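Observations on chain architecture
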Amino acid sequence: MKQINTTKAPAAIGPYSQGFVTGNILFSAGQIPLDAATGEVVGDDITAQTEQVMKNLGAILKEAGSSFEKTLKTTCFLSDMGNFAAFNEVYGKYFTGKPARSCVAVKTLPKNVLVEVEVIAEI
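These numbers were taken from a predicted model, which means no experiment stands behind them.

Below, the discussion takes up the environment of L78. Along the chain, L78 falls in strand β4 (residues 71-78). Taking the relative accessible area as the measure of exposure, L78 reaches 0% and is therefore buried. Measuring from C-alpha to C-alpha, the distance between L78 and C103 comes to 7.4 Å, with 25 residues separating the pair along the chain. Contacts of L78, omitting those with residues within four sequence positions, involve I46, F84, F87, C103, V104, A105, V106, L109, L114 and V115.

Further remarks concern the nonpolar core. In this structure, L26, M54, L57, F87, F95, V115 and V117 are the most contacted members of the largest nonpolar core, which totals 23 residues. When contributions to this core are tallied by element, the ones reaching two or more residues are α1 (46-64), β4, α2 (84-94) and β6 (115-122). When residues in this core are grouped by element, the largest group, eight residues, is from α1. With residues up to four places along the chain from it excluded, the contact list for V117 reads A29, G30, Q31, V53, M54, L57, T74, T75, C76 and F87. Among the nonpolar cores identified, the runner-up in size contains five residues, and L34, F77, L109 and V113 belong to it.

A separate point is the pairing of strand β5 (residues 100-105). Here β4 runs beside β5; their pairing, made up of six bridges, is parallel. In the sheet register, T74 faces β5, and the bridge partner there is R101. In the classification by handedness, the crossover that spans β4, the intervening α2 and the parallel β5 is right-handed.

The rules behind the values
- Along each chain, residue indices are assigned from 1 in the same order as the chain's sequence is written.
- Whole-chain, interface and lining totals are the exception, using all residues; otherwise, since this is a predicted model, local features are given only for residues with pLDDT of at least 70 and side-chain atom pairs are given and counted only at 80 or more.
- Side-chain calculation: all heavy atoms of the structure are included, whereas hydrogens and water are not.
- Strands are runs of DSSP state E lasting at least 2 residues, helices are runs of H or I lasting at least 4, and numbering of each runs from the N terminus.
- Working definition: with a 1.4 Å probe on protein chains only, accessible area under 20% of the residue-type maximum means buried, over 50% means exposed, and in between means partly exposed.
- Pairs of residues are marked as contacts when any of their non-hydrogen atoms sit within 4.5 Å.
- Buried residues of nine kinds, namely Ala, Val, Leu, Ile, Met, Phe, Trp, Tyr and Cys, make up a nonpolar core once their side-chain atoms join them within 4.5 Å.
- In short, DSSP must find at least two bridges between two strands for them to pair.
- Crossovers are described as right-handed under a simple rule: with the strands pointing away from the observer, the path leading from the first strand over the helix to the second runs clockwise.

Set out below in C-alpha cells:
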C-alpha cells in the first residue's frame, strides 16, 4: 500500500490521507474546493467550486500515476441538487470516459462548500 501526498492538492484537514494506492487502484479522499497553497475555499458558485475540485483531483490522480480517463468510479456530494446541472457541465469536461458514479445531496459539507468528489481509479 502506498500513501499519496502532493502539495499540488490541499493537505488533509483531518486525520486522513489524500489517497492510497493498493495494487493498481487509487482510492482518493473526497476533495473540496480548497486552494492547495492557502487552504482557502475557491469560488462562490458551483461552477467555480467544481473547477477547483477537479484541479485538486487531477493533482492527486497525477501523483498516483493515474488520470481522469482511468477513473472507474466517483462519488459526488452536493449541498443542493439545484446545482446538479451546472455541476454536470464541469464534471463532464473532465470525466470524459463516463465512470460509474453516485451523486447525492447532503445537508452540509466541510467549510460549507457546495461540492465534494472522491474517485477510485486504475493506475
